[in-house]
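# Residue-level structure breakdown
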Amino acid sequence: MFRDKAGNVSTGKITMAVVLAVLLIVIISGSIVVVEAGHTGVVLTFGKASPVVMQEGIHLKIPFVQKIVTINNRIVKTEVTTEAFSKDLQTVSTVIAVNYHINKSSSSQIYADVGLGYEDVLITPAINEVLKAVTANYTAQELVGSRGEVSVLLDDSLNAKLNDYGIYVDGLNIINWDFSEEYISAVEAKQVAEQNLIKTRTEQEQELVVANTEAEKQVIAAQAEADKIKLLAEANAESNNIITASLNDMLIRYETIQKWDGALPKVTGGSDTLIDIGLDQ
């Protein structure tokens, strides 16, 4: 303890000792920096950024001279809502989610160029610009059917635009395409018309099938009747042939006798002999 000549405790000396202790603690604490996992520390010496960054862990710095600014190098998600025009001049409102990260070796340069507002200064404008450029190459209908292809183009275009700054896009997802009410109504009307057309064609095809089936039935019936008539005709002809073949002289004579009225012919020959009509047979 600090005492004066009389042996009393010196209040001034105690106060100074406390101040020195506090100052020492401040100096020591101000000399130690902890960089969290997934981050880098940009070293500012009198406000100037050093190209060499601190990696995660415990580090020492010069108190009151150096300041450490931490940059998040983990994957970060941002969502952007923007409007663009399709190839057929339809207004397209898009919600897009982008996952990105800052390359550790680029942390110092990004901070020196744009500070901690790199998302607002670099990333969001780049997303808007690229989305407008890609959307303009597709019609509204193509955008709906080509979402995967459009996502790949957006991803490639964003990386091409941001990689020079040390910003890398890890994934991109189109959450929603939204079109104007007029376009949606037109699409719905077109779908209804197409459905009605399909229904009409189906009904016409069904009627045609029924008509063809009925016609085939009539043809089959007519053919069957013709075959029947032909068979009857052939049967009658065959019967007539049989009857004709069975006629002989005896039948002819029999028929002649059946038709004879009993009167002899009044024609005589030179020898007064009756004309033979075959009665002896």
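What counts and how
- Here the residue numbering is sequential within each chain, running from 1 through the sequence in written order.
- Local features in this predicted model are restricted to residues whose pLDDT is 70 or higher, and side-chain atom pairs enter the listing and the counts only when it is 80 or higher, whereas totals over whole chains, interfaces and linings include all residues.
- Calculation of side-chain values draws on the structure's entire complement of heavy atoms; hydrogens and water are dropped beforehand.
- Each helix is a run of H or I in the DSSP string that is no shorter than four residues. Each strand is a run of E no shorter than two, and both are numbered from the N terminus.
- Residue exposure (1.4 Å probe, protein chains only): buried if accessible area is under 20% of the type maximum, exposed if over 50%, otherwise partly exposed.
- Should any heavy atoms of two residues lie within 4.5 Å, those residues are considered in contact.
- A carboxyl oxygen of Asp or Glu within 4 Å of a side-chain nitrogen of Lys or Arg is what we treat as a salt bridge.

## Quick notes on the environment of Gly57
Mapping Gly57 onto the fold places it in strand β4 (residues 57-60). Owing to a relative accessible area of 27%, Gly57 belongs among the partly exposed residues under this scheme. Taking the C-alpha atoms as reference, Gly57 lies 5.1 Å from Val35; in sequence the two are 22 residues apart. Sequence-distant contacts of Gly57, defined by excluding residues within four places in its chain, comprise Val33, Val34 and Val35.

## Focus: the pattern of salt bridges
Evaluated as defined, the whole model comprises 3 salt bridges. One salt bridge in this structure joins Lys161 and Glu129, with 3.2 Å as the shortest N-O distance. Here the residue Lys161 occupies a position in helix α5 (residues 147-162), and Glu129 occupies one in helix α3 (residues 118-135), the gap between them amounting to 32 residues. Assessed through its relative accessible area of 45%, Glu129 is described here as partly exposed.

## Comments concerning the environment of Gly115
The residue Gly115 is located in the loop between α2 (107-114) and α3 in this model. Along the chain, Gly115 and Val69 lie 46 residues apart, while their C-alpha atoms are 9.7 Å from each other.

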